[in-house]
Amino acid sequence: MNYGFVKMAAGVPEVRVADPKFNVQAIESLVIQAEGRGIEVICMPELSLTGYSCGDLFAQQLLLDEAEMGLIHLMNFSRSLDIIIIVGLPVPYKGSLFNCAAVLQKGKILGLVPKIYLPNYREFYEVRWFASGSALNADAEVWMCGQLVKLSTRQLFRTPTCTFGVELCEDLWSPLPPSTYQTLNGAEVVFNLSADDDVVGKLSYLKSLLVQQSSRAICGYVYCSAGFGESSQDLVFSSKAFIIENGKILAEARRHSIEPQIVESEIDMERLRSERRQNTTFGATAAISSQRGEQQYTFIDTALIGQHPFEISRSFDPLPFVSSGSDLDARCEEIFAIQAEGLAKRLLHTNTTTVVIGISGGLDSTLALLVTVKAFDMLQLDRHGIVGVTMPGFGTTERTYNNAVDLVHALGITMQEINIGKAVMQHFDDIDHDPRQHDVTYENSQARERTQILMDLANQLGGLVVGTGDLSELALGWCTYNGDHMSMYGVNAGVPKTLVRHLVKWVASGANASRTSENVGTVASRILLDIVDTPISPELIPADSEGNITQKTEDLVGPYELHDFFLYYVMRWGFRPSKIYFLATLAFAGKYDGDVIKKWLSTFYRRFFSQQFKRSCMPDGPKVGSVSLSPRGDWRMPSDASRDTWLAECETL
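Fair warning: this is a prediction, and the values are worked out from it, not measured in the lab. (Residues numbered from 1 in each chain as written. Predicted model: local features only at pLDDT ≥ 70, side-chain atom pairs only at ≥ 80, totals over all residues. Heavy atoms only, no water.)

Draft legend 1. The overall build of the protein chain, seen in detail. Per the secondary structure count, the protein chain includes 21 helices and 20 strands. The burial tally for the protein chain puts 57% of its 653 residues in the buried class. Partitioning the intrachain contacts of the protein chain with sequence separation of at least 6 by distance along the chain shows that 74% fall at a separation of at least 24. Carbon and sulfur atoms provide 49% of the accessible area of the protein chain, an area that totals close to 27,100 Å². The distance from the centre of the 57 positive side-chain charges to the centre of the 76 negative ones in the protein chain is 3 Å. (Helix = DSSP H or I, 4+ residues; strand = E, 2+ residues; numbered from the N terminus. Buried < 20%, exposed > 50% of the residue type's maximum accessible area, 1.4 Å probe, protein only. Contact = heavy atoms within 4.5 Å. Areas by Shrake-Rupley, 256 points an atom, 1.4 Å probe, with all protein chains shown as cover. Lys, Arg positive; Asp, Glu negative; His and termini not counted. Charge placed at Lys NZ, Arg CZ, Asp CG, Glu CD.)

Draft legend 2. A look at the pairing of strand β13 (residues 248–252). In this structure, strand β12 (residues 241–245) lies alongside β13, joined through four bridges in antiparallel fashion. Among the inter-strand pairings, Phe 242 is bridged to a residue of β13, identified as Glu 252. Hairpin connection from β12 to β13: two residues lie between these consecutive antiparallel strands, with Asn 246 at a positive phi of about 45 degrees. (Pairing = 2+ DSSP bridges.)

Draft legend 3. Molecular detail of the pattern of salt bridges. All chains considered together, the criterion is met by 32 salt bridges. A salt bridge links Lys 7 to Glu 264; the shortest N-O distance between them is 3.5 Å. One end of the pair, Lys 7, is in strand β1 (residues 5–12); the other, Glu 264, is in strand β14 (residues 261–268), with 257 residues separating them in the sequence. Lys 591 is the partner of Glu 561 in a salt bridge, and the nearest nitrogen-oxygen pair spans 2.7 Å. Pair noted here: Glu 561 is in helix α17 (residues 560–571) and Lys 591 is in the loop between α18 (577–587) and α19 (594–610), with a separation of 30 residues, a long-range link. We classify Lys 591 as exposed; its relative accessible area is 53%. Ionic contacts of the salt-bridge type, sharing partners, join the residues Asp 196, Asp 197, Asp 198, Lys 202, Lys 240 and Arg 255 into one network. (Salt bridge = Lys/Arg side-chain N within 4 Å of Asp/Glu carboxyl O.)

Draft legend 4. Structural detail: the side chain of Thr 603. Residue placement: Thr 603 occurs in helix α19. Residue Thr 603 is classed as buried on the basis of its relative accessible area, which comes to 11%.

Draft legend 5. Spatial organisation of the packing of aromatic side chains. For the coordinates displayed, the defined rule picks out 31 aromatic pairs. Consider the rings of Phe 565 and Tyr 569, whose centres lie 4.9 Å apart with planes at 55 degrees: the pair is tilted. Here the residue Phe 565 and the residue Tyr 569 both occupy positions in helix α17, the gap between them amounting to four residues, near one helical turn. By relative accessible area, which is 4% here, Tyr 569 ends up buried. Ring geometry for Phe 604 and Tyr 605: centres 5.8 Å apart, planes at 85 degrees, overall edge-to-face. In this pair, the class of Phe 604 matches that of Tyr 605, namely buried. (Phe/Tyr/Trp six-rings, centres within 6.5 Å; stacked < 30°, edge-to-face > 60°.)

Draft legend 6. Layout of empty space enclosed by the protein. Under the counting rule described, the total for this entry stands at one cavity of 30 Å³ or more. By volume, the largest cavity is sized at about 40 Å³. Considered class by class, the residues forming the lining of the largest cavity number five nonpolar, two polar and two charged. (1 Å grid on protein atoms, 1.4 Å probe; cavity = no way out; pocket = protein on both sides within 12 Å on 5 of 7 lines; lining within 4 Å. Points joined across faces, edges and corners; volume = space filled by probe spheres on them. Nonpolar A, V, L, I, M, F, W, Y, C, P; charged D, E, K, R; others polar.)

Draft legend 7. Representation of helix α21 (residues 644–651). Turning to α21, its buried residues number three or more, namely Leu 647, Glu 649 and Cys 650. Along the axis of α21, the buried positions cluster into a sector of 160 degrees, meaning they face one direction only. Turned more than 90 degrees away from the buried face of α21 sit Asp 644, Thr 645 and Glu 651, all of them exposed. Buried positions along α21 lie against α18 and α19. (Arc of directions from axis to C-beta.)

Draft legend 8. Focus on the sheet that holds β12. Within the open sheet, the seven strands sit side by side as β13-β12-β11-β10-β9-β8-β15. Their pairing is mixed. Sheet topology places β13 and β15 (298–301) at the edges, where each strand pairs with a single neighbour. Each strand of the sheet is rotated relative to its neighbour by a mean of 25 degrees, with strand direction disregarded. Taken together, the five bridges between strand β9 (residues 163–168) and strand β10 (residues 189–194) define a ladder with parallel strand orientation. Opposite Phe 164, over in β10, you have Val 189 as the bridge partner. Its contacts with the sheet place helix α5 (residues 202–216) against β11 (220–225), β12 and β13, and it is angled at close to 30 degrees to β12. (Axes fitted to C-alpha atoms, helices over the stretch in contact; angles between N-to-C directions.)

Draft legend 9. Representation of the sheet that holds strand β18 (residues 414–417). With respect to topology, five strands assemble into an open sheet ordered β18-β17-β16-β19-β20, the strand pairing being parallel. For this open sheet the edge positions go to β18 and β20 (489–490), each flanked by a neighbour on one side alone. Of the strand pairs in this sheet, strand β17 (residues 386–390) and β18 are connected by four bridges, and their pairing is parallel. Bridge assignment links Val 387 to a residue of β18, and that residue is Thr 414. Across the sheet, helix α12 (residues 440–461) is in contact with β16 (355–358), β17, β18 and β19 (464–467); its angle to β16 comes to roughly 160 degrees.

Draft legend 10. Geometry of helix α2 (residues 61–78). In this model, α2 (18 residues) spans 26 Å end to end at C-alpha, consistent with the 26 Å of a helix rising 1.5 Å per residue. Regarding α2, the residues found buried are Leu 63, Leu 64, Ala 67, Gly 70, Leu 71, Leu 74, Met 75 and Ser 78. Taken end-on, α2 shows its buried residues confined to a sector of 145 degrees, consistent with a single buried face. On its buried face, α2 is in contact with α1 (20–36), β3 (84–93), β4 (96–105), β5 (108–114), β6 (141–144) and β7 (147–150). (Expected span 1.5 Å × (residues − 1).)

Draft legend 11. Fine view of the confidence of the model for the protein chain. Taken as a whole, the protein chain shows an average pLDDT of 93; of its residues, 96% reach a score of 70 or greater. The low-confidence segment residues 513–517, where pLDDT is below 50, has eight contacts with residues more than four positions distant or belonging to other chains. (pLDDT = per-residue confidence, 0-100.)

Draft legend 12. Focus on the environment of Arg 16. Following the sequence through the fold, Arg 16 ends up in the loop between β1 and α1. Along the chain, Arg 16 and Ser 48 lie 32 residues apart, while their C-alpha atoms are 9.4 Å from each other. With residues near it in sequence (within four places) discarded, Arg 16 still touches Phe 22, Asn 23 and Thr 50.

Draft legend 13. Representation of the packing of helix α9 (residues 363–378) against helix α15 (residues 521–532). With their axes 9 Å apart at the nearest point, α9 and α15 run at an angle of 145 degrees to one another. Remark: the crossing between α9 and α15 carries left-handed chirality. Only Leu 528, Ile 531 and Val 532 of α15 make contact with α9, whose side of the interface consists of Leu 363, Thr 366 and Leu 370. Tallied by class, residues from the contact of α9 with α15 come to five nonpolar, one polar and no charged. (Left-handed = near helix turned anticlockwise from the far one by under 90°.)

Encoded structure:
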């Protein structure tokens with residue numbers, strides 16, 4: 001299975017200006033390579049059969065005839081191939097000449113798409129030779145290469161895997177690109193045949209156009225521009241080619257290369273369709289456009305495409321919630337600010353200058369504390385209004401206890417220590433539970449006792465309880481109902497576990513000191529880094545004889561990096577288990593084998609469905625990323641929904 005991935009390509013052949021015979025051979029060489037790689041559609045640059053920079057030679061009948069003859073050769077060449085080829089050439093029609101893209105497959109021209117917007121400024125003067133496709137009637141046809149072919153700006157092409165449209169170069173640069181209407185009428189991929197010269201600074205602007213158009217239209221975008229061989233009399237063309245999926249650049253050409261290139265990648269049609277379904281504005285815009293009758297398109301069906309060897313060339317980040325490189329600092333800064341601002345608003349609204357927060361020495365409570373400190377600093381409130389409560393229990397280790405106490409002192413907040421052992425033992429006696437039985441009652445009694453202490457302290461002090469649980473715990477239900485599940489504002493509710501670790505490390509590194517008022521200092525940084533290295537644990541089961549943590553969360557529910565990966569693709573894209581499994585095997589190749597991934601994917605679905613009741617009544621908290629489980633925001637799911645269909649597919653993996 002290809003799981004919705006369709007392999008597309010941009011080909012940048014060597015070009016000889018005004019030599020269609022040579023150019024056809026160069027194009028055929030790239031096409032045969034693309035066919036062998038399982039590419040379904042490949043596009044070439046604008047006017048690739050003649051060369052873009054022919055100038056007044058476009059008025060020569062011989063050049064036009066040779067271009068048509070070159071197209072005939074290319075058609076014959078394609079008869080035994082499945083691949084769809086898009087090439088550029090000049091097409092005469094009713095006394096005018098049109099700059100066109102020809103769409104070919106299996107020896108036939110499926111359609112000719114003329115350029116609409118002809119640049120006629122600075123170094124461009126296409127109006128000297130060409131007419132705009134906007135002047136054509138919707139039913140225009142031209143006799144070309146021995147067949148009657150539709151010549152229209154309003155045609156889309158349907159393959160067995162996707163629907164695509166075509167525009168040419170300047171069309172993209174216009175205020176209303178044709179691709180906008182094409183995508184509103186069903187195109188999922190847009191191919192752009194271009195001849196874009198190089199000037200300093202132009203590339204970054206071009207990239208921004210491509211990324212924006214792909215994002216705005218929620219589509220795949222394949223851009224292919226002329227390269228080496230075009231005339232350098234006044235301009236230089238440097239092989240710019242990109243494959244973009246909904247604003248993300250998947251592949252790009254080597255610029256200033258004198259060698260022919262194929263730029264290829266796989267566009268995920270299921271991902272695009274999912275995004276369009278979820279983005280109701282897209283559907284509403286398409287409906288409005290249709291009602292206005294702004295554009296009417298003819299759909300042309302291609303031939304079936306046979307099965308070819310298919311390998312995924314694009315990579316998948318095993319940590320989809322975590323940026324890399326310099327982007328990580330910017331992402332952490334933004335998330336941290338969103339969390340702190342959300343809490344600051346809640347404090348102002350409730351006129352509260354006191355908060356109570358449980359400090360365990362673990363990652364989640366540490367991040368929540370850092371966010372709270374930041375919020376207090378933003379509001380210029382006294383940090384002593386933050387009451388950090390450490391509540392040692394049966395599983396508390398010396399390492400986490402010391403880190404909790406030391407961090408509270410280093411940040412200059414108020415500390416309280418309340419040992420829960422006596423109260424929990426009394427509770428065990430009240431409900432007749434054997435404390436030697438380390439079951440769910442043993443664990444949850446401690447979590448609920450801690451929450452009761454925090455809530456009652458908040459009442460006593462006239463403050464509110466800041467929650468510490470994160471997004472990953474909510475997804476898995478790895479929290480005690482009406483225990484650590486509950487608070488008055490959950491600052492970490494939108495932050496997955498894999499990102500919590502990076503946020504704490506970011507604060508510890510001091511990377512934010514120059515941009516925010518939060519500078520934790522050297523002592524706190526050392527403590528934070530040790531917390532980052534501490535195994536994740538609720539510490540509800542006694543430590544071993546050497547005082548080490550025995551209850552490690554990831555040993556029980558599975559690696560959080562896997563669960564966060566599953567969560568991202570379940571929530572953000574709605575993919576089915578088989579596709580998520582496939583992506584996980586690629587992202588975690590060499591780290592987890594298929595059996596391990598299958599085991600924890602099944603665990604994820606079991607817990608995700610069974611624990612919805614905890615999310616249905618979760619406290620308020622800020623959304624910080626594209627995935628949120630708030631029942632008031634992004635996720636509305638019945639608590640008694642069946643998980644059987646998802647688990648049945650997991651069994652087949």
